[in-house]
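# Summary of the model geometry
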Amino acid sequence: MQERDISRADVKKCITDGEIIEDYPDDFPHPSCLIFGYTVNEKIIHVVDGCDGEYVYIITAYYPNIVKFEDDLKTRSIPVIQK
C-alpha cells in the first residue's frame, strides 16, 4: 500500500462503501474477496481482503487498469489467446 500511495483511510473507505466484485470462498487460509471502491480522493481502487469470521485481513490494495479489467474496472478482461 505504501509503495502505491494508498492510505489506510483509502482502504477503509473502499471496504465500508465499496462493492464486492469477485468472491473467493475457497481461498486459504481464509475466504477472501475483491472489492471495488473509491479512495478518499475519489480515485477508483481495488482491495482484496480475507475474513476468518472475527477479523478482516487486508491482502492487497491497488489501482486497477484496463489491461486486466474492462472499461468499468469491475469486470475482469478475458485474455486473448493468439494462434
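Just above sits the structure.
Now for a look at the structure at hand. Just so it is clear, the structure is predicted and the values come from calculations on it, not from any experiment. (Residues numbered from 1 in each chain as written. Predicted model: local features only at pLDDT ≥ 70, side-chain atom pairs only at ≥ 80, totals over all residues. Heavy atoms only, no water.)

By secondary structure assignment, the location of Gly53 is in the loop between strand E3 (44-51) and strand E4 (56-62). A residue is classified by how much of its surface remains accessible, and Gly53, at 70% relative accessible area, is exposed. With 18 residues separating them in the primary sequence, Gly53 and Asp71 have C-alpha atoms 33 Å apart. (Helix = DSSP H or I, 4+ residues; strand = E, 2+ residues; numbered from the N terminus. Buried < 20%, exposed > 50% of the residue type's maximum accessible area, 1.4 Å probe, protein only.)

A separate point is the nonpolar core. One finds Ile6, Val11, Cys14, Cys33, Ile35, Ile45, Val47 and Ala61 forming the largest nonpolar core, which totals 8 residues. Mapped onto this core, the elements with two or more residues apiece are helix H1 (8-17), strand E2 (32-38) and E3. Once residues within four sequence positions are removed from consideration, Cys14 is found in contact with Ile35, Phe36, Gly37, Tyr38, Ile45 and Val47. In this structure, Leu34, Phe36, Val48 and Tyr62 belong to the second largest nonpolar core, which totals 7 residues. (Core = buried A, V, L, I, M, F, W, Y, C linked by side-chain atoms within 4.5 Å. Contact = heavy atoms within 4.5 Å.)

It is worth spelling out the packing of aromatic side chains at this point. In the structure shown here, the tally under the stated rule is 2 aromatic pairs. With centroids separated by 5.6 Å and ring planes inclined at 80°, the aromatic side chains of Phe36 and Tyr38 adopt a geometry described as edge-to-face. By relative accessible area, Phe36 is classed as buried at 6%. Between Tyr55 and Tyr57, the aromatic rings sit 6.5 Å apart at their centres with planes inclined by 55°, giving tilted as the arrangement. Residue classification places Tyr57 among the partly exposed residues on the basis of a relative accessible area of 36%. (Phe/Tyr/Trp six-rings, centres within 6.5 Å; stacked < 30°, edge-to-face > 60°.)

Attention shifts here to a nonpolar patch on the surface. Nonpolar side chains collect at one region of the surface, where Met1, Val56 and Ile58 lie side by side and expose about 240 Å² of accessible area between them. Tracing the backbone shows Met1 in the segment before H1. (Patch = residues over 30% accessible without salt bridge, like charges linked within 9 Å, V, L, I, M, F, W, Y side chains within 5 Å. Areas by Shrake-Rupley, 256 points an atom, 1.4 Å probe, with all protein chains shown as cover. Salt bridge = Lys/Arg side-chain N within 4 Å of Asp/Glu carboxyl O.)

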